[in-house]
Amino acid sequence: MSPLTTLWVLPLAGAGACLLAGRLGRGAARLCALAAAASFLAAALLALLPCLAAGGAAVFAEGGRTWAFGISYRLAADGLSLSLIALTAFLTLVCVAASWTLDVSAGYWACFLALASAATGVFLARDLFLFYVFWEATLVPMFFLIGLWGSENRRRAAVKFFLFTFAGSLLMLLALLALVTARHAASGEWTWDLESLKGTPLGPAAPWVFLGLLLGFGVKIPIVPLHSWLADAHTEAPAAGSVMLAGVMLKMGLYGLLRVSFPLMPGLTAAWAPTLAALAAVNAIYGALCAMAQADLKRLIAYSSIAHMGFCLFGAASGTSQGLAGSALQMINHGLTTGALFLLVGFLYQRAHRRGLSDFGELAVRAPWLSFFFGFATLASIGLPGLNGFVGEFLCLAGIARSAPPVFAAAGVLGVTLSAAYALPAYQAVFWAPAGPGSASAFVADLDAREKAILWLLCGLMLWIGLAPAGWVAFLEPSLRGLVR
Amino acid sequence: MTISSAVWTIAGTLFALGLAMLVLRRGLLAMFLGVELMLAAANLAVVRQAGLRADAQAQAAVALILAVAAAEAVVGLSLILRAFRAGRGLDAGAMSELRG
Amino acid sequence: MSHVAVPLEAWLLFAAPVAALLIGFFLMRPLAPEKTHWPILLSCAVVTAASLSLAGQVLAGRSFDVNVWRWAAVEGWGVDFGLRVDGPGAAVLAMVAVVGSLIHLYAAGYMKGDPGFSRFFLVFHLFFLAMIGLLTANNYVQLYLFWELVGLASYLLVGHWFHKASARRAALQAFLVNRVGDFGFLLALLLLLARYKVARFHLLYLLVAAGRHEMLPVIAGLLIWAACAKSAQWPLYFWLPDAMEGPTPTSALMHAATMVTAGVFLLVRSWPLIAAVPGLPVVVAWIGAFTALAAALIAGTRKDLKRILAYSTVSHLGLMMLALGLGRVGAAIFHLVVHGFFKAALFLCAGNVAHALRQPTASVDEVGGWGRAMPLTYASFVVAALSLAGVWPLAGFFSKDAIVDAAWERGGLLAAAALLVCAGSAFYIFRMLLLTFHGARPEQKGLAAHPHEAGPGLAAPPLFLALGAAAAGALGPTGSRLVFSGLRGLPVGRLGGDLVLNLPGDPALPAFSWTTALLSAAFAAAGAAAAYRLTMADPGWDWRWRGGRAEAVLASDFGWTTLMARLAAAVAALAGFVGRVLDRAWWDGLLESGAAAARGAGGLAARAADGRLNDYLWWMTAGAAVLLAGALR
């Protein structure tokens, strides 16, 4: 089987194998999931090697079978796609490892692998119909993850998540249909191929098509005001589910902008850039302000995700090479940092079954390693230089400072300033403040070896990207050169 | 008044009466009678047309309508009987849900 | 590439602390936490030797500015990290190394028995490393990196005793206020990169000198804002007095000698940019003068020993800003170095006093007449206090005189302010000296506590620092040569080459002038006399004037701290509104009401399909009639 197809089929086959292994018992399903995730990560890294050797500029394409209405099976991978696939694979393995002690049925593991498969498909697809199919396919496993294995309000959160993102995707489908129809009207042929659709004359419908795509991708990114599903979904999802949601699914939205919207309509992209930058500013500041008001740890991190994706959007809207590279890098950073934070909250919740800010206290004394890693991840999240968050935010803002009036950069920096205002009081409340009478701190034992290993891996990557980002940026930048204005 | 207009008037009146019975009555048998009346009225109109045109196909149509009415009577009455035997009564207004 | 080799000492400056931190964190902390300080003290020694050696090299003319590593780069744009060791940097680095090492030694004794001993030392040394990185940075991005790291270390150290609510609050306040200042730094950095394409100091100096001035007022203004936060100038100074919640070694090293001077150092590095904007240096001078005067006044009224010293630090930082604003870069750096010595000595003495009471800090109510019981501490304090007050021939005299001279040359209100600050400094430090170490007053409980010296580990370092505070004056000429060796007489390099560059600014320390020397001595004497009168001749005065409106106003720094508290509460209220009302209740509620509306509409529509046969028949009839009418038309 051709390599790129293997990449997305492998986790799907793993999901099926997990379901089958579930017949033998929960332990068997778990082992099968670990094996599948590990082999998927190996495959993703192997696929990364030739691209690394070529300096990130190579593009590998395959497929080409065309069916009715010009729908074809076309996959391609460049530096950006392979990095995101590697991130997906890594996070899947991390999720499997982090959920190791949970007593869950085989479906749980299958959902993660199916989600990974569908996300990989999104990152690989170059035919827009195929892209849409994979895009929608990510909703189903996530729906089940939230709805079946989540917290108290899981049903409601799952339905809200599904309806919201589905509505956005329908708008995206409408826009894609309009695009393909316009292409048919102009040249007489039906095609859904991304490359062929570039430069389609759209006439007066062009802004609507761009808006439809923006709304579809914007629900996923999420762009305020389309963000309302995120807080509930994150709060109710199981911890590992939140990691995949934040680490993989949010990236799909921005990836869609970079891969589909911007290359298809470069003129409109330039015209809409100030609007996008303004939306990014709103994201950064609104997300930070909302996060300051939260009393639930997961909700707080969810709103901080919104703020971080605002920085990614700054970079994407800037149209400069450092902004775009920063946007891509920040996608990876956010997956690692927010993933680590959600995992830590998950570990807390597993022990204490609560996650409110006022439910703990003095954990720095009782659980020093938990406290250390949580502090590390928090500092990365608020953009402390030397850790990965700063590099991404810095490059994105440097990009927007170059191509937009300074007020946008100022708004971005304000977002960075406010991030300390929501993160540090929360850290203090959980780890430093004395434990109140109803506190659950007594139940919180420190991390065990498996959990520490996972977090050392994540924190090590954060430190690496923060101190030596040159290699990472150099790998991501060539894929985005075509978008530089 | 010509025969045609008389036939049309009687057929129309019968049809209207049948429709009224179907729509306004709540008893199943009464609604059923209304349906039969509508069919008979339509049949009457077709008979008149057949007579006017001396068309064999029209006469065949009459026979078909009679057969359809008979078949429909069988099926409908057996359903009504079934429903009655199952204790559902004969009131269409009370039967708003399928049960079991 | 570069034909200037980076000397070994520069690598050691970083390698030693990093090694000490790794050994401390991975080996000592799990195995023998009470011995965490051993690798760290060793590293301090190495760093001190290296920095003194580098200072010697700079004095001999071998400054350098070399890129060592590519941090991030895209097509046509990149940020490199490198090392810049020139006059100002080497001078401050030498001070930081010596003072820092002595305070590390002191901390080993002071923090003994503290449950967080290991954590304290690791964070303390992280701060030390960050400060070294800040002083040797050769571009703004690298400086920002270490600047924020220093802020992080400050947060962790002020909040060291985190079970205390006041410490938590102070740590958070310190970090957030510094972050507000960093808004300026980061934005300035982004604008510099956007408009000038480079962040490296010497390239920017060349560009600005060549006439490129786009957005320079904004950029320079933002950098001044950042310096005001870090160096505790008005309006962002108020975090510093509260930061005294941290252990004394923290206060001595960070909030007196080194971290707070980072702001002044930033302005020194940015001076060509600031000086290129007409009218901006005067703003700096006024901020400095105003802060110096107000802080000196407030310092004279505080009762907590560490807080008196904190306000004194704010005041002296103001003096440094004043010197900078008047264009005397050299005088500012000279005072920075000397201040580091005497302020650290004073803080360590205050720490000894508190340690004798077995408390984290001491108030004038709890001491009194301790001069005889703690002779070594007393001696260190006296020398350092005299240096602070600017008494000849101690170092403080020379550094303060340089600033007063510059102000006098300027004339007007700034000169008056400088002289009044002299008087104020002498007043508050003599008040502190006399209240703590001389003649117990009935309001004080001093002698009942039976104080005694804690031991060589705590008594020796302040002694050495005081010696430094005294002797730096003897090193005056050498010191100024060091500071200015990077400033003149060296060739201007080509753009893009790794060569040393001149830092514009007035190269020489002002020549000694009898007028200013006598004036400042007179004002200082007046201040000291007032202190004597109000503490020894009228012992109860310090307690009598309290309790009224005046004290309330002074306690809240003329209302500024209350204003800032209200501002912070307003921001929190805004966040609460946005997060809870706007987002959750209004917007989310609106969307969910959409769902509710859909459900309602569905319910309405469902009524048409209620399962009743007769209704269906009506609908069928109506529909058939409509279709028939349409067909027959």
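Residues numbered from 1 in each chain as written. Chains lettered and ligands numbered in written order. Predicted model: local features only at pLDDT ≥ 70, side-chain atom pairs only at ≥ 80, totals over all residues. Heavy atoms only, no water.

Novice: Can you tell me about the overall build of chain A, naming the residues and giving the values?
Specialist: A count of helices and strands for chain A gives 20 helices and two strands. Taking 2.2 N^0.38 as the reference for a compact globule, 485 residues should give roughly 23 Å; the C-alpha atoms of chain A span a radius of gyration of 21 Å, in line with that estimate. By its C-alpha atoms, chain A is 70 × 60 × 45 Å across when sized along the principal axes. Counting the 485 residues in chain A, one finds 67% classified as buried. Considering only intrachain contacts with a sequence separation of at least 6, the fraction spanning at least 24 residues in chain A is 80%. Split by element, the accessible area of chain A, about 14600 Å² in all, is 71% carbon and sulfur. In chain A, the 26 positive side-chain charges and the 19 negative ones have mean positions that sit 2 Å from each other. (Helix = DSSP H or I, 4+ residues; strand = E, 2+ residues; numbered from the N terminus. Rg over C-alpha atoms; globule rule 2.2 N^0.38 Å. Buried < 20%, exposed > 50% of the residue type's maximum accessible area, 1.4 Å probe, protein only. Contact = heavy atoms within 4.5 Å. Areas by Shrake-Rupley, 256 points an atom, 1.4 Å probe, with all protein chains shown as cover. Lys, Arg positive; Asp, Glu negative; His and termini not counted. Charge placed at Lys NZ, Arg CZ, Asp CG, Glu CD.)

Novice: Can you tell me about empty space enclosed by the protein, naming the residues and giving the values?
Specialist: By rolling a water-sized probe across the atoms, one finds the places where empty space is left. Residues and elements named next belong to chain A. Scanning the model with the defined rule gives seven cavities of 30 Å³ or more in all. Approximately 130 Å³ is the volume attributed to the largest cavity. Around the largest cavity, the lining comprises 14 residues; the ones closest to its centre are Leu 300, Ile 301, Phe 374, Thr 378 and Ala 423. Among the secondary structure elements, those contributing two or more residues to the lining of the largest cavity are α13 (297-318), α16 (368-381) and α18 (406-432). (1 Å grid on protein atoms, 1.4 Å probe; cavity = no way out; pocket = protein on both sides within 12 Å on 5 of 7 lines; lining within 4 Å. Points joined across faces, edges and corners; volume = space filled by probe spheres on them.)

Novice: Residues and numbers for the interface of chain C and chain B, please.
Specialist: Taken together, the contacts link eight residues of chain C with eleven residues of chain B. Between chain C and chain B lies a buried interface of about 740 Å² when both sides are counted; carbon and sulfur atoms form 65% of it. When the buried surface of chain C facing chain B is broken down by residue, Asn 614, Leu 617 and Trp 618 of chain C rank first, second and third, together holding 52% of it. For the pair chain C and chain B, the interface holds zero salt bridges. Applying the counting rule to chain C against chain B returns two residue pairs in polar contact (both at pLDDT 80 or more). Residues of the side of chain C that touches chain B, tallied by class, amount to three nonpolar, three polar and two charged. (Buried area = accessible area lost by both parts, 1.4 Å probe. Salt bridge = Lys/Arg side-chain N within 4 Å of Asp/Glu carboxyl O. Polar contact = N/O pair within 3.5 Å; in protein donor to acceptor, adjacent residues only side chain to side chain. Nonpolar A, V, L, I, M, F, W, Y, C, P; charged D, E, K, R; others polar.)

Novice: Please give an account of the packing of aromatic side chains that cites residues and values.
Specialist: Summed over all chains, the structure comprises 57 aromatic pairs over all chains. Seen from their ring centres, Phe 201 of chain C and Tyr 205 of chain C are 6.5 Å apart, and the 15° between their planes marks the pair as stacked. You can see Phe 201 of chain C and its partner Tyr 205 of chain C sitting in helix α7 (residues 201-209), four residues apart, about one turn around the helix. Note on accessibility: Phe 201 of chain C and Tyr 205 of chain C belong to one class, buried. Aromatic rings pair up to connect Phe 390 and Phe 394 of chain A together with Trp 69, Trp 71, Phe 81, Tyr 140, Tyr 144, Trp 147, Phe 185, Phe 201 and Tyr 205 of chain C into one cluster. One Lys or Arg, Arg 30 of chain A, reaches over the ring of Trp 100 of chain A and ends 4.4 Å from the middle of that ring. A cation over an aromatic ring shows up here: Arg 355 of chain A above the ring of Tyr 349 of chain A, its NZ or CZ 5.0 Å from the ring centre. (Phe/Tyr/Trp six-rings, centres within 6.5 Å; stacked < 30°, edge-to-face > 60°. Lys NZ or Arg CZ within 6 Å of the ring centre and 35° of its normal.)

Novice: Residues and numbers for the interface of chain A and chain C, please.
Specialist: On the chain C side, the residues contacting the 62 residues of chain A number 53 residues. Summing both partners gives a buried area of about 4800 Å² for chain A against chain C, and 72% of it is carried by carbon and sulfur. Of all residues in chain A, Pro 385, Phe 394 and Trp 432 of chain A give up the largest surface area on contact with chain C, accounting jointly for 14% of the area buried on that side. At the junction of chain A with chain C, the criterion picks out three salt bridges. At the boundary of chain A with chain C, the tally comes to 16 residue pairs in polar contact (both at pLDDT 80 or more). Here the element with the most residues in the side of chain A that touches chain C is α18 of chain A; it accounts for 15 residues. Its residues placed into classes, the side of chain A that touches chain C shows 44 nonpolar, eleven polar and seven charged.

Novice: How would you explain a nonpolar patch on the surface if you had to name every residue and give the values?
Specialist: Taken together, the side chains of Leu 463 and Leu 467 of chain A together with Leu 8, Trp 11, Leu 12, Val 68 and Trp 69 of chain C present a nonpolar region at the surface, about 630 Å² in accessible area. Looking at the nonpolar patch, the elements that each hand over two or more residues are α19 (449-467) of chain A together with α1 (8-31) and β1 (64-74) of chain C. When you line up the elements, Leu 467 of chain A lands in helix α19. In this structure Leu 467 of chain A comes out as partly exposed when scored by relative accessible area, which is 39%. (Patch = residues over 30% accessible without salt bridge, like charges linked within 9 Å, V, L, I, M, F, W, Y side chains within 5 Å.)

Novice: If you had to explain unusual backbone geometry to someone new, which residues and values would you point to?
Specialist: Omega for the bond connecting Ile 221 of chain A with Pro 222 of chain A falls within 30 degrees of zero, at -15°, which places this linkage in the cis form. Tracing the backbone shows Pro 222 of chain A in the loop between α9 (206-220) and α10 (228-236). Geometrically, the link from Trp 234 of chain C to Pro 235 of chain C is a cis peptide bond, its omega value of 5° lying close to zero. Although it is not a glycine, Glu 362 of chain A adopts a positive phi angle of roughly 60°. The residue Glu 362 of chain A is located in the loop between α14 (321-352) and α15 (363-366) in this model. For Glu 362 of chain A, a relative accessible area of 28% corresponds to the partly exposed category. Phi at Lys 197 of chain C takes a positive value of approximately 70°, unusual for a residue other than glycine.

Novice: Which residues make up the environment of Ala 114 of chain A, and what values go with them?
Specialist: Residue and element names in this part refer to chain A. Examined against the element boundaries, Ala 114 turns out to sit in helix α4 (residues 106-124). Considering only alpha carbons, one finds Ala 114 and Gly 56, 58 residues apart in sequence, at a separation of 27 Å. Contact partners of Ala 114, with chain neighbours within four places excluded, come to Leu 12, Ala 15 and Pro 141.

Novice: Which residues make up the packing of helix α5 (residues 128-137) of chain A against helix α7 (residues 154-187) of chain A, and what values do they have?
Specialist: All names here are of chain A. Where α5 meets α7, the axes come as close as 11 Å, and the angle between the chain directions of the two elements is 175°. By the criterion of interaxial angle, the relationship of α5 to α7 is roughly antiparallel. Judged by residue contacts, Leu 128, Phe 131, Tyr 132, Trp 135 and Glu 136 of α5 engage Phe 166, Ser 169, Leu 170, Met 172, Leu 173, Leu 176 and Leu 179 from α7. Across the contact of α5 with α7, the residue classes break down as ten nonpolar, one polar and one charged. (Axes fitted to C-alpha atoms, helices over the stretch in contact; angles between N-to-C directions. Parallel < 35°, antiparallel > 145°, perpendicular 65-115°, else oblique.)

Novice: Requested: an account of the nonpolar core, with residues and values cited.
Specialist: Of all hydrophobic cores here, the largest spans 420 residues; its most connected members are Phe 314, Phe 394 and Leu 458 of chain A together with Tyr 140 and Ile 429 of chain C. Ranked by residue count, the leading element in this core is helix α15 (residues 329-356) of chain C, at 20 residues. No fewer than three residues from each of domain 1 (8-550) and domain 2 (558-588) of chain C sit in this core. In this structure, Ile 429 of chain C is in contact with Leu 309, Leu 346, Phe 381, Ala 385, Leu 388 and Ala 389 of chain C, ignoring residues within four places of it in sequence. Counting twelve residues, the second largest nonpolar core, distinct from the first, contains Ala 73, Ile 80, Ala 83 and Ala 92 of chain B. (Core = buried A, V, L, I, M, F, W, Y, C linked by side-chain atoms within 4.5 Å. Domains from an automatic or database assignment.)

Novice: Break down helix α13 (residues 280-299) of chain C for me, citing the residues and quoting the values.
Specialist: Residue and element names in this part refer to chain C. With 20 residues, α13 should reach 28 Å at 1.5 Å per residue; the first-to-last C-alpha distance of 28 Å fits that figure. Turning to α13, its buried residues are Leu 280, Pro 281, Val 284, Ala 285, Gly 288, Ala 289, Thr 291, Ala 292, Ala 295, Ala 296, Ile 298 and Ala 299. At its buried positions, α13 is contacted by α8 (216-230), α11 (261-269), α12 (271-275), α14 (305-325), α18 (412-437) and α23 (549-555). (Expected span 1.5 Å × (residues − 1).)

Novice: Outline the layout of surface pockets, supporting the account with residue identities and numerical values.
Specialist: There is about 1100 Å³ of room inside the second largest pocket. Lining of the second largest pocket is provided by 37 residues; of these, Leu 176, Leu 567, Ala 568, Ala 569 and Val 571 of chain C occupy positions nearest its centre. Looking at the lining of the second largest pocket, the elements with two or more residues in it are α12 (266-292) and α18 of chain A together with α6 (165-196) and α24 (560-606) of chain C. Considered class by class, the residues forming the lining of the second largest pocket number 29 nonpolar, five polar and three charged. Composition of the lining of the second largest pocket by domain shows at least three residues from each of domain 1 (8-550) and domain 2 (558-588) of chain C.

Novice: So what's going on with the side chain of Arg 200 of chain C? Which residues, and what values?
Specialist: All names here are of chain C. Within the secondary structure, Arg 200 sits in the loop between α6 and α7. By relative accessible area, Arg 200 is classed as buried at 8%. In this structure the side chain of Arg 200 is engaged in a polar contact, spanning 3.1 Å, whose partner is the backbone oxygen of Asp 65.

Novice: Please provide a residue-by-residue account of the confidence of the model for chain B, values included.
Specialist: The predicted model of chain B has a mean per-residue pLDDT of 89, with 99% of residues at 70 or higher. ipTM for the predicted complex: 0.92, alongside a pTM of 0.88. (pLDDT = per-residue confidence, 0-100.)

Novice: Mind laying out the pairing of strand β1 (residues 60-66) of chain A, listing which residues take part and the relevant values?
Specialist: The side chains of a regular strand alternate, residue by residue, between the two faces of the sheet. Residue and element names in this part refer to chain A. Where β1 lies against strand β2 (residues 72-77), six bridges are found, and the strand directions are antiparallel. Across the sheet, Thr 66 pairs through a bridge with Ser 72, a residue of β2. The antiparallel hairpin formed by β1 and β2 contains five residues in its connecting segment, where Phe 69 sits at a positive phi of about 60°. (Pairing = 2+ DSSP bridges.)

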